[in-house]
Amino acid sequence: MKTLLIVLNILCLNCFSQKLDSSSIYFVGRGTLSKKELIGERFNLLNMDLTHIGLGLIENDTLRIYNVSSDKKEKNSSLIIETLSSFKNVNDIFYYGIWECKISKKNLKKIKFELLKISKAQIIFDRKFKLGDDNQLYCSEFVFKILKSVKEFNFEASTIELNRIEQQILGNDKLSYIPVDFFLNNKRIIEIKTEYIN
């Protein structure tokens with residue numbers, strides 16, 4: 001049964017990836033049950049199901065997802081590059097989505113340059129969710145940082161009053177942060193696929 005699911009996933013991915021455009025960028029997100037209430041419902045703005053986000057590019061006819069992980073590492077860095085099937089291969093995943101944004105060739109080149117540059121650094125997952133720590137990032141802060149480098153987007157951080165438990169964990173009364181769904185207010189970013197997984 002597991003082999004059949006893997007084969008179906010690969011076939012589905014191949015059909016789907018043919019529709020993707022190498023001159024676009026993609027926001028690829030997932031929702032996990034363990035983080036839905038803690039992240040999605042507490043800190044997101046519009047989509048309460050999203051708990052993790054990455055930035056996708058088409059490379060060699062494959063969607064490659066750059067994302068900062070709290071539990072996986074590559075070359076001792078929390079910045080990892082995954083295929084869609086590995087991005088979705090999480091025990092308690094219940095949802096995933098892909099959104100497309102068409103951008104200029106110049107800005108696509110700049111984003112690729114920024115990704116190459118940051119992939120050479122050792123990124124540490126930022127458990128305090130502080131903005132501005134160069135090599136300490138969380139998933140949405142990473143995507144936000146890459147997009148800010150092209151000055152085409154005008155995304156901003158959000159601020160929230162923290163409850164007592166959050167204050168004890170983070171050591172602040174308020175949190176300025178980048179929500180996982182920060183990109184959804186931009187009308188240029190179009191949803192191309194969402195799916196709930198049983």
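I will try to describe carefully the structure that is included in this document.

Thresholds, definitions, all that
Residues numbered from 1 in each chain as written. Predicted model: local features only at pLDDT ≥ 70, side-chain atom pairs only at ≥ 80, totals over all residues. Heavy atoms only, no water. Buried < 20%, exposed > 50% of the residue type's maximum accessible area, 1.4 Å probe, protein only. Helix = DSSP H or I, 4+ residues; strand = E, 2+ residues; numbered from the N terminus. Pairing = 2+ DSSP bridges. Disulfide = S-S within 2.5 Å. Axes fitted to C-alpha atoms, helices over the stretch in contact; angles between N-to-C directions. Parallel < 35°, antiparallel > 145°, perpendicular 65-115°, else oblique. Left-handed = near helix turned anticlockwise from the far one by under 90°. Contact = heavy atoms within 4.5 Å. Nonpolar A, V, L, I, M, F, W, Y, C, P; charged D, E, K, R; others polar. Salt bridge = Lys/Arg side-chain N within 4 Å of Asp/Glu carboxyl O.

1. As for the pairing of strand β1 (residues 24–32)
Link 1 in the chain: Within β1, nine of the nine residues are buried, which leaves the element mostly enclosed by the surrounding structure.
Link 2 in the chain: Because side chains alternate across β1, one face comprises the buried residues Ser24, Tyr26, Val28, Arg30 and Thr32, and the other comprises Ile25, Phe27, Gly29 and Gly31, equally buried.
Link 3 in the chain: One ladder, built from nine bridges, connects β1 with strand β5 (residues 93–102); its direction is antiparallel. By the bridge assignment for β5, Ile25 is matched with Cys101.
Link 4 in the chain: Relative to strand β2 (residues 52–59), β1 runs antiparallel, the two sharing five bridges. Considered in β2, the bridge of Phe27 is made with Leu55.

2. A word on the state of the cysteines
Link 1 in the chain: Applying the stated criterion to the full structure yields zero disulfides.
Link 2 in the chain: Unpaired in this structure, Cys101 has its nearest cysteine sulfur neighbour in Cys139, at a distance of 18 Å.
Link 3 in the chain: Cys101 gets classed as buried once you look at its relative accessible area, which sits at 0%.
Link 4 in the chain: The class for Cys139 is buried, based on a relative accessible area of 7%.

3. A word on the packing of helix α4 (residues 105–119) against helix α5 (residues 139–148)
In a packed pair of helices, the relevant descriptors are the angle between the two axes and the axis-to-axis distance.
Link 1 in the chain: Where α4 meets α5, the axes come as close as 9 Å, and the angle between the chain directions of the two elements is 130°. Considering the angle they form, α4 stands oblique to α5. In this structure, the crossing between α4 and α5 has a hand that is right-handed. Between α4 and α5, the residues in contact are Ile111, Glu114, Leu115 and Ile118 and Phe142, Ile146 and Leu147, respectively.
Link 2 in the chain: The residue makeup of the contact of α4 with α5, split by class, is six nonpolar, no polar and one charged.

4. Some words on unusual backbone geometry
Link 1 in the chain: The phi torsion at Asn60 lies on the positive side, around 55°, for a residue other than glycine.
Link 2 in the chain: Even without being glycine, Asp61 reaches a positive phi, approximately 65°.
Link 3 in the chain: Here Asp61 is to be found in the loop between β2 and β3 (62–68).
Link 4 in the chain: Residue Asp61 is classed as exposed on the basis of its relative accessible area, which comes to 69%.

5. Some words on the sheet that holds β3
Link 1 in the chain: Taken in spatial order, the six strands make up an open sheet running β4-β3-β2-β1-β5-β10, and their pairing is antiparallel. Both outer strands of the open sheet, β4 (79–82) and β10 (190–196), are each paired with one neighbouring strand and no more. Along the sheet, successive strands turn relative to each other by an average axial angle of 25°, direction set aside.
Link 2 in the chain: Each of β1, β2, β3 and β4 is contacted by α4, which is oriented at about 115° to β2, the strand it contacts most.

6. Focus on the pattern of salt bridges
Link 1 in the chain: The final tally for this structure, using the stated rule, is twelve salt bridges.
Link 2 in the chain: Two residues, Asp21 and Lys102, come together in a salt bridge whose shortest N-O distance is 3.4 Å. Taken as a pair, Asp21 in the loop between α1 (2–17) and β1 and Lys102 in strand β5 lie far apart in primary sequence, 81 residues in all.
Link 3 in the chain: Taking relative accessible area as the criterion, Lys102 reaches 51% and is therefore assigned exposed.
Link 4 in the chain: Across the pair Glu114 and Lys117 runs a salt bridge whose closest N-O atoms are separated by 3.6 Å. You can see Glu114 and its partner Lys117 sitting in helix α4, three residues apart, about one turn around the helix.

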